[in-house]
Amino acid sequence: MAILHGEYFLELIIIFILGLTSGSPLIKVFNLEDMELKESVILNGFSGILDDGQTGSKCDIGNSSCGFHDMKKLVLCEEELKGIGSLNTTCQLNTSLQFDNDVLITGEGNLEILSHVSVGCPFAGCLISINISGDLLLAEYASLLAGTLIVRAGNLFLQNNSFLKTTALGGAPPPQTSGTPLGVDGAGGGHGGRGACCIKSDGKDPEDTWGGDAYAWSTLTKPWSHGSRGGTTSREGEFGGGGGGRVKIIARSILNVNGSISADGGDGGLKGGGGSGGSIIIRVPKLKGTGTVSARGGKGWAGGGGGRIAISSYSREESLNIFVHGGESHGCTSNAGAAGTIFDSVLQSLIVSNNNLSTLTDTILLDFPTHPLWTNVFVKSCAKAVVPLFWSRVQVRGQFSLLYGGTLSFGLSHYPFSEFELMAEELLMSDSMIKVYGALRMSVKMLLMWNSEMQIDGGGDAMVGTSLLEASNLVVLREKSSIYSNANLGVHGQGLLKLSGSGDTIKAQRLILSLFYNINVGPGSVLQAPLEDAAKGDLAPRLNCESPSCPEELIHPPEDCSVNTSLSFTLQICRVEDITVDGLIQGSVIHVHRARTVAVNAGGLITASRLGCKGGVGKGHVENAGAGGGGGHGGQGGDGYLNGVSSRGGEVYGIADLPCELGSGSGNSTSEGTTAGGGIIVMGSMEHSLSSLNIFGYVRVDGESNHQAAGNQSATNMGGSGGGSGGSLLLFLHSLTLGNNSLVSSAGGHGGHVGGGGGGGGRIHFDWSNIPTGDEYAPLANVKGTIYTRGGMGSDGGHDGKDGTVTGKECPEGLYGIFCEECPIGTYKDTNGSDISLCQPCPPEEIPHRGTYISVRGGVTQPSCPYVCLSEKYHMPYCYTPLEELMHTFGGPWLFGLLLSGLLVLLALVLSVARMKIIGTDEFSGPVPPPHESQIDHSFPFLESLNEVMESTRTEESETHVHRMYFMGPNTFGEPWHLPHSPPHRIDSIVYEDAFNRFVDEINSLAAYQWWEGSVHSILAVLAYPFAWSWQQWRRRKKVQQLRDFVRSEYDHACLRSCRSRALYEGLKVAATPDLMVAYVDFFLGGDEKRPDLPLRLQQRFPMSIIFGGDGSYMAPYSLHSDNLLTSLLGQSVPATMWYRFIAGLNAYLRTVHRGCLRITLLPVINWLGTHANPWLSLHGIRVDLAWFQATTSGYYQLGLIVNETNEVAQPTSLPNMGGTMTIEELSNHQTVQWQGGQQYTAWSRRRIGGGIGGGIINLYTLPSLEDRKDFSFPIYLILRNARPVGHEDLVGLIISILLLGDFSLVLLTLLQFYSISLAAFLLVLFVLPLALLSPFPAGINALFSHVPRRSAGLARVYALWNVTSLANVVTALIYGCYYYQIQSSSRGPQNLHAWNFSTEESGWWLFPTTLLICKCIQARFVDRHIANLEVQDRTLYSNDPAKFWDS
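Residues numbered from 1 in each chain as written. Predicted model: local features only at pLDDT ≥ 70, side-chain atom pairs only at ≥ 80, totals over all residues. Heavy atoms only, no water.

Student: Give me the lowdown on the overall build of the protein chain, citing residues and values where you can.
Tutor: Along the backbone of the protein chain there are 26 helices and 73 strands. Buried positions account for 57% of the 1448 residues belonging to the protein chain. Expressed as a percentage of contacts within the protein chain between residues at least 6 apart in sequence, the contacts between residues at least 24 apart total 65%. Carbon and sulfur atoms make up 54% of the accessible area of the protein chain, which totals about 58,800 Å². (Helix = DSSP H or I, 4+ residues; strand = E, 2+ residues; numbered from the N terminus. Buried < 20%, exposed > 50% of the residue type's maximum accessible area, 1.4 Å probe, protein only. Contact = heavy atoms within 4.5 Å. Areas by Shrake-Rupley, 256 points an atom, 1.4 Å probe, with all protein chains shown as cover.)

In C-alpha cells:
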C-alpha cells in the first residue's frame, strides 16, 4: 500500500482504525490547529484509493458495504497528480486531470494549478478535498470541478477566468425534503428559494403555485446541502437541470477571487425545470477580488430556486459579486425561481436578493433566532420573501430593509387570520412592498418608506383585525408610499410622522395615530379612515345614525389612545404635540385628542364631508312623486317638490352649544341615489383643549349634493333626491386663526334634479377653554377667512335648506360674540352671555365732549366706561386744554378775563409809575411852547449836519461855497446813490469836466452795494423785517462814512482847477441827512482863486433847490434838514430864528406825508406853504414852492423846495378852504391862487426846474398829475402812519402799557391754545416769521423806558414795526384755525360725532387771535400818537392861525 504524504497521515490512520471498529470505512481529517478540534472534512460518499489504482465503488458514510479495501492508490504530486514538485513544498499541476472517485489532497506546501489546467471529478456528489498548509493558486482559465469541493489552505488565489465549480453536480438533498418537484410540469428545483412553476393550478393564486420547495432553513448560517434537480416535462426522461453542489473554503488569511466560485443549479432547457443552487461556505479573514461567488438557480422551463451562501469574513471588498438569485423561466418570463439566501456570519445579516429578476415565487423565512438575534435582514432586487408560519415573530437587532422591488409577505392570502410581529431598529423600504394577511404588530425605531407599499388584509376577522405599527423615533413616507389596511390600524410613535408629498397615504377602515411629537401631512398626502367602500366588510365602522344623543367618547375620550373598535372614531389623532396639514385628512368621525397645535396650511383640508349618515335622525323624506326633501341638522332641510307633491325636509336636531351628531341624508340608507350628511370633526376635549388652531386652508363637514334623479317605487316619475345636511364641527381650543381665503364649513348639500330640496346647514361650535378676562385677556381668534353653515339650494322647485348654527362658549362679562371679543368701544357688559345686545351703551353724560371711549383689555364690565382725551394736549379728567384748564382754575372764562384785565391795568400803572420815575416828566411838557430864546433847541427835528463838528465855521463855508450837488436815488441795495455826469453850469468854471466825470464814476462805484448785502437784506426782510431795516441803516451809515473818507482823504481832488484845493483837499465835501436818505457834495472855492463873480450871493443862486430827507415811509418820513451852511446862506435874507421856525412847521406837516398817498397827503403841505409860509417869507423877499427832483429810470424821485426871490411884498391872507384839507376836486376848481397884491404865480407850476437838476413844481395844478407808485410795503402803512400829536403823553403811555401787556398776554394765550391743537400748529404760529410774535414786548418796553425823546421815538418806530410784522403770525393763526376747526371737523363725518363734538368754547377758537389782531391794530394807532408826541412837542406848529404860529 502506498504511503500518504502530509501532516495528516497519522490522523488518517487513526480515522481508518476507527472505521474498522465500526464496520464502515470512515476517513476524517482533524484540524489540530483549531482550539475546538472542529471537523474540517466531511466526506459523504468518500471513495478510497486502491493500491492498484483502480477506482472502487462509491462509499457513503454509514454504508456498511463500503470498506477500506475500496482505496486503490494514494495521490502523489508527480505520480497521481502528474505535477511538478512536492505537496510539502510546491506542487505545480500542468496537466488536466479527471478523477473517477473522491480525492483527498493534503500536504504542507503550496499547490498551483497552472493556466488552462482542469482538475475535476465531474460526477454528481463526487468530492475533492484539498487540505494544505500553503497557498492554493488557480491560474487563468484553470478550474477545479467536483460535486463537493472542500478547500483548506493558507491563502487561496483565483485568477481571471479560473473557477471552483460544483454547478449541476449536487448529490442527493437531505432526507425528508422535497426540493425536486413531482409531476411533469417542468417546475424548478427548490433549495434556498422555491423553484418556479409556470402552470397555474385551478383555484390558486400565482403566489400559491411553486415547484420544488425550499429546505435547509435551519442550517443557512452553515449551509451544507446539495441543490435539487429540476422537474421534467416528459415522463420519457429527466430533463430537469441538476442541483448545485457544495463548496467549502477555509483560508487562514486571504481569499482573492478574480475568477468564480459557483454552486449553481443546472439549466433544464425547454423540457425541464432548472436545478436549484447548492451551498457555499466561506470562512476567511480577508475576502478580495472582482470575481463571482454564486449559488444561482438554473434556467429552464421554470427556473430553479437559489441556493444558500454563508460568508464569514471581517474584510470584504464590495467589488466581489455574490449571487443567489433564482433561475430564469422560459415558460413564464415574469416568474423566475425564488432567491436563495446569503448569510454574513460576521455581521449576522441575512440577504435575500433576486438580482432584479421578476418572480412570483417565494423565499421562505421561517423561525428567526432569538439568541443571538440577527443584526440585519435585506430583501432586495425583486426578491419575494414570505413568512408563512402563523403567529410568527421576525426580530432583528438592526435594519430590516426591503429594497429595489423586494417584497415581504406575512401569512397566507387565503388564511388572513393570524397575527405577526416585526421587530427591528429600522424598517427601510425603497420601491418595495410588505403584504400582511392578518394583523401586524410592528415595533421599530424608524420606518422609512420610499415609493413603497404596506398592505394589510385583515380578512374580516374582528379578533385579529387590528394592526399596530410602532415607530418610536421617525415615520417618513415619500414618493407615493402608502400604508393600507382594510381593518383597524394604529400607528404609534414618539417622534415625527411625515407624509412628504403627493401619493403618500395612510388609509384604513379605522385609523389611530398617537404619541407622536409631530405629524406632518404634506401636499398631496392623505390620511383616511374609513376607506372609500367603508360600508362593505365586517371591519367597516358602524355609524351611530339613529341616535340623537352625543356619544360620550367624543366629549370625554379615553386617555389611553388605544384602538378600540367600540368607539365612534374612524380617524383619531391622539397625544400628538403638533399637527401640520398641507394635504388631506378625511374620515367620517375625526377626533383630535390631547394635541397642542393644529395647523391647516393653504391647500390643506380636513374633511368629513359626505361621510355622515344616509338617512339618520334628520333624514329628508321621499314621497311617491320621487322628489326628496333635504336632510336636516342645524337647519331644517328644504322640502322637495315635484308634480305638485311636496316631500318634507328633515327636522332640526342636536344641541347647538355642544354639537357632535352626524349629518343626515335624504331618504333611507338602502335607497338608490340617496345622499349622505356630513360627518363629525372634534378637536380637543373637555379636559384637554387645543392650544391653537391655525387654519389657512379648509375644514369641512358639508353634506352631500346629488345631481342624479331618483325613481319612485312605480318608476313612472323621476325626482331628484334631497341634499344631505351639514355635519358637526366641535372645537375645544384656546386660540383660533383663520387666514385669508380659509374656510370652515358645515354647509348643506344641494338638492338633485328634479325638485330635490336643499340640505340644512350643520353645526359649528367653538368651545373656548379658560377664557381670560381683565388684564389677562388676549384675543381668542383672528378671523380673516369664512365660516359657512348655509343651507343647500333646492332644484327646480325644491326649497332651500335652512342655515345651520355657529356658536361659541358663553362669554364672561365684558366679552361677547362667538369669539368672545371685547364689547365695542363705548359699550359695557356686566352679565355672562354671547349676544351683542348684552353690550349696552355707556352713559353719555359721564364723558366730556373732548373725550373718546377707549378699549379696555378684557372689555368694560361697569357702566362707568373708561375714556381718554382726544389728544395728549387735553388733560384728564375734563379734557381741558392747558388754556382752558388755566381759565377754569380761576373760575371760568369770564372771571378769568376780568382778573386778567385787572391785572393788566395794575401792571400798566406800575409800568407807568416806574417809567415816570426813571425817565422823569421834564420831556413831557404841556402844550405851552418853550421860551423864544430856546426855541431852536426844542424845535423838532434836531437835524445837525455832519459838517457841523468836523468842518470850518459857518461864515467861512458860506463865503467860499459855490454849489451843492445832490445824489440821485433812494440809497437802497437795488438802487444805490449815484451822481449824474456832466457838471452843473454853476461849477463849470471851477472843475475840469473830464476829471469830474472820472470822479463821478469813482464815487458812484463806491456808492454801490455788494451783492451779499442785498441778499442778507432780502432774507431778513422775509424772516424779520425790523432786522432788515436795521441792517439797511447800518450799511447806509457805513456807505456814507466810506464816501466821506474817500472824498476827504483818498480822492486827490483832481477835478478841481484850484491848486490850493487840490493840495489841501478842501474843495469837495460829502455830507448826508441824518436819516441817511439824501446825500450831497458841496463845492468850495480855493484860496488861490480871485474871482469877483464867485461865490454867488443868495439872490444869484435863485432858484435854489433844497431836497427833503426821508423817502415818505413810516420809518423815514420826509423832513427838511437845514444844516449850518444852508442856514447861513438863507440868513442873508431870512433871520435864522424865522428860518428855524419855518423848518419846524414844515417838518410837522411833512411827517404825515407818505408815498402811495402823495396826492392826498401833500395837500396840507401845499395849503400850509400858501397860508403860513410864503406870506411871511415874502416879507424878506423870498418864497418857497414844493417840487419834485431828479427822477430816476425806476420812477423814483425826490421831493423838496424851490427857494426863489419875490419882488412884491404881499400881505398875508388865507385862501378859501386853506385851513382844512383841500380835496382833488377843490383843487381842480381852484385854478389859481392869488396873493392880496393880485400877482398870479400860475406860471411857476408849469416851469421845469433849471440849474442842472431836473424836476417840476408841485402845486394845486400839477398835484393831480403827480406820479405816485405803491411798493410792496404799502399795506404796512395802512396800519402804520405818522400822525399828529394828541398830547396827554402820560395817558397815551398808560394805554400803550396796557395794550403792550395785553398783547403779550394774548400772545401767550394764543400760543397755548395752538399748542393744544398740536406742536406743529404751535411752531407754525410762532415761527412763520421768526421772533415776530414775541419781539414786540421787549421792543415796546425798550421804547417806553428810553430817556432821550429822539432816541425814544426811533425805538418806538422799531417797536411799531415789530408790532405790525407780528400780524403775519396772527393772520397765520387765524387761517390755520379756520382750516383745523372748520374744514377738519366737517371732514370727520358723523361716525365720530361724539368724539369730535366741539363745544361752544371750541367754536370760539377765534377769540384770542382775533382779539390779538385788534389789539395790535389799536396798539399801532396809539404808538403813532406816542411817536408824534415825542417828535412834535410844540402843538402850536399845527395852529390854523398864521400869526399865532409865527408869534410862538
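Student: Before we move on, could you go through the confidence of the model for the protein chain and cite the residues and values that matter?
Tutor: Chain-level pLDDT for the protein chain is 82 on average; 84% of the residues reach the 70-or-more range. Predicted confidence for residues 1209–1248 stays below pLDDT 50, and this span has 73 contacts to residues more than four positions away or in other chains. Overall, residues 1389–1400 carries pLDDT values under 50, and its contacts beyond four positions in sequence, including any with other chains, amount to 19 contacts. (pLDDT = per-residue confidence, 0-100.)

Student: An account of the sheet that holds strand 67 (residues 961–966) is requested, with residue identities and associated values reported.
Tutor: Within the open sheet, the 3 strands sit side by side as 67-69-68. Their pairing is antiparallel. Since the sheet does not close on itself, it has two edges, and those belong to strand 67 and strand 68 (1068–1072), each with one partner. Neighbour-to-neighbour, the strand axes of the sheet open up by a mean angle of 25°, direction not taken into account. Two strands pair when backbone bridges link them, and strand 68 and strand 69 (residues 1079–1084) are joined in this way by 5 bridges, in the antiparallel orientation. Counted as the bridge partner of Val 1070 is Val 1081 from strand 69. (Pairing = 2+ DSSP bridges. Axes fitted to C-alpha atoms, helices over the stretch in contact; angles between N-to-C directions.)

Student: Tell me about the side chain of His 1053, and name the residues and values.
Tutor: Following the sequence through the fold, His 1053 ends up in the loop between helix 10 (1025–1050) and helix 11 (1059–1064). Setting aside residues up to four positions removed in sequence, His 1053 forms contacts with Val 1047, Ser 1061, Arg 1062, Tyr 1065, Glu 1066, Gly 1067 and Leu 1068.

Student: Describe in detail the nonpolar core, supporting the description with residues and values.
Tutor: Counting 88 residues, the largest nonpolar core has Phe 400, Phe 410, Leu 427, Met 454, Leu 511 and Ile 606 as the members making the most contacts within it. In terms of nonpolar packing, the next biggest core, distinct from the first, is built from 85 residues, Tyr 966, Val 1184, Val 1203 and Ile 1427 among them. (Core = buried A, V, L, I, M, F, W, Y, C linked by side-chain atoms within 4.5 Å.)

Student: Give me the environment of Val 600: which residues, what numbers.
Tutor: Within the secondary structure layout, Val 600 lies in strand 46 (residues 597–600). Under the relative-accessibility criterion, Val 600 is labelled buried at 0%. Along the backbone, Val 600 and Tyr 698 are 98 residues apart, and their C-alpha atoms lie at a distance of 7.1 Å.

Student: Before we move on, could you go through the pattern of salt bridges and cite the residues and values that matter?
Tutor: Applying the stated criterion across every chain, the model contains 22 salt bridges. In this structure, the salt-bridge partner of Arg 1183 is Asp 1185, at a minimum N-O distance of 2.6 Å. (Salt bridge = Lys/Arg side-chain N within 4 Å of Asp/Glu carboxyl O.)

Student: Report on the sheet that holds strand 6 (residues 118–120), specifying residues and quantitative values.
Tutor: Spatially, the 7 strands line up as an open sheet ordered 3-6-9-12-15-18-21, and their pairing is parallel. Of all strands in the sheet, those bounded by a partner on one side alone are strand 3 (97–98) and strand 21 (321–323). Pairing analysis gives 3 bridges linking strand 9 (residues 143–145) to strand 12 (residues 163–165), with the strands arranged parallel. Counterpart to Ser 143 in the pairing with strand 12 is Phe 163.

Student: Before we move on, can you summarise the packing of helix 19 (residues 1289–1317) against helix 21 (residues 1336–1344) with the specific residues and values?
Tutor: Close contact between helix 19 and helix 21 brings their axes to 9 Å; oriented N to C, the two are set at 160°. By the angle class used here, helix 19 and helix 21 are roughly antiparallel. For the pair helix 19 and helix 21, the crossing hand works out as left-handed. For the pair helix 19 and helix 21, the contacting residues are Ile 1296, Ser 1297, Leu 1300, Leu 1301 and Phe 1304 in the first and Pro 1336, Phe 1337, Gly 1340, Ile 1341 and Leu 1344 in the second. Its residues assigned to classes, the contact of helix 19 with helix 21 comprises 8 nonpolar, 2 polar and no charged. (Parallel < 35°, antiparallel > 145°, perpendicular 65-115°, else oblique. Left-handed = near helix turned anticlockwise from the far one by under 90°. Nonpolar A, V, L, I, M, F, W, Y, C, P; charged D, E, K, R; others polar.)

Student: Account for the environment of Ser 1366, with residues named and values stated.
Tutor: In this structure, Ser 1366 sits in the loop between helix 22 (1349–1365) and helix 23 (1367–1387). Separated by 50 residues in the primary sequence, Ser 1366 and Lys 1416 place their C-alpha atoms 8.6 Å from one another. Among all residues touching Ser 1366, those that are not within four sequence positions of it are Ala 1332, Leu 1333, Pro 1336 and Lys 1416. Within the local environment of Ser 1366, its side chain forms a polar contact with the backbone oxygen of Asn 1363, the two atoms lying 2.6 Å apart. (Polar contact = N/O pair within 3.5 Å; in protein donor to acceptor, adjacent residues only side chain to side chain.)

Student: Which residues make up the packing of aromatic side chains, and what are the values?
Tutor: Evaluation of the coordinates by the stated rule reveals 34 aromatic pairs. Consider the rings of Trp 1168 and Phe 1445, whose centres lie 5.5 Å apart with planes at 90°: the pair is edge-to-face. Taken together, the positions of Trp 1168 in helix 16 (residues 1163–1177) and Phe 1445 in helix 26 (residues 1442–1447) put the pair 277 residues apart, joining distant regions of the chain. Here Phe 1445 falls in the buried class, since its relative accessible area comes to 0%. Seen in terms of ring centroids, Tyr 1315 and Phe 1322 are 5.7 Å apart; in terms of plane orientation they differ by 85°. Their pairing is edge-to-face. Aromatic rings pair up to connect Trp 1139, Phe 1142, Tyr 1149, Trp 1168, Trp 1176, Tyr 1438, Phe 1445 and Trp 1446 into one cluster. Lying across the ring of Trp 1031, Arg 1035 places its NZ or CZ 5.6 Å from the centre. (Phe/Tyr/Trp six-rings, centres within 6.5 Å; stacked < 30°, edge-to-face > 60°. Lys NZ or Arg CZ within 6 Å of the ring centre and 35° of its normal.)

Student: Can you break down the state of the cysteines residue by residue, with the values?
Tutor: In total, this model carries 8 disulfides according to the counting rule given. Covalently, Cys 121 is tied to Cys 126 through a disulfide, its sulfur atoms 1.7 Å apart. With the S-S bond torsion at 100°, the cross-link from Cys 121 to Cys 126 turns out right-handed. The two residues Cys 121 and Cys 126 agree in class, both being buried. With its sulfur 2.2 Å from that of its partner, Cys 869 forms a disulfide with Cys 879. With the S-S dihedral at roughly -95°, the linkage between Cys 869 and Cys 879 falls on the left-handed side. Taken as a pair, Cys 869 in strand 66 (residues 867–869) and Cys 879 in the loop between strand 66 and helix 3 (882–889) lie far apart in primary sequence, 10 residues in all. By relative accessible area, which is 0% here, Cys 879 ends up buried. With no disulfide of its own, Cys 197 has Cys 198 as its nearest cysteine by sulfur position, at a separation of 6.7 Å. (Disulfide = S-S within 2.5 Å.)

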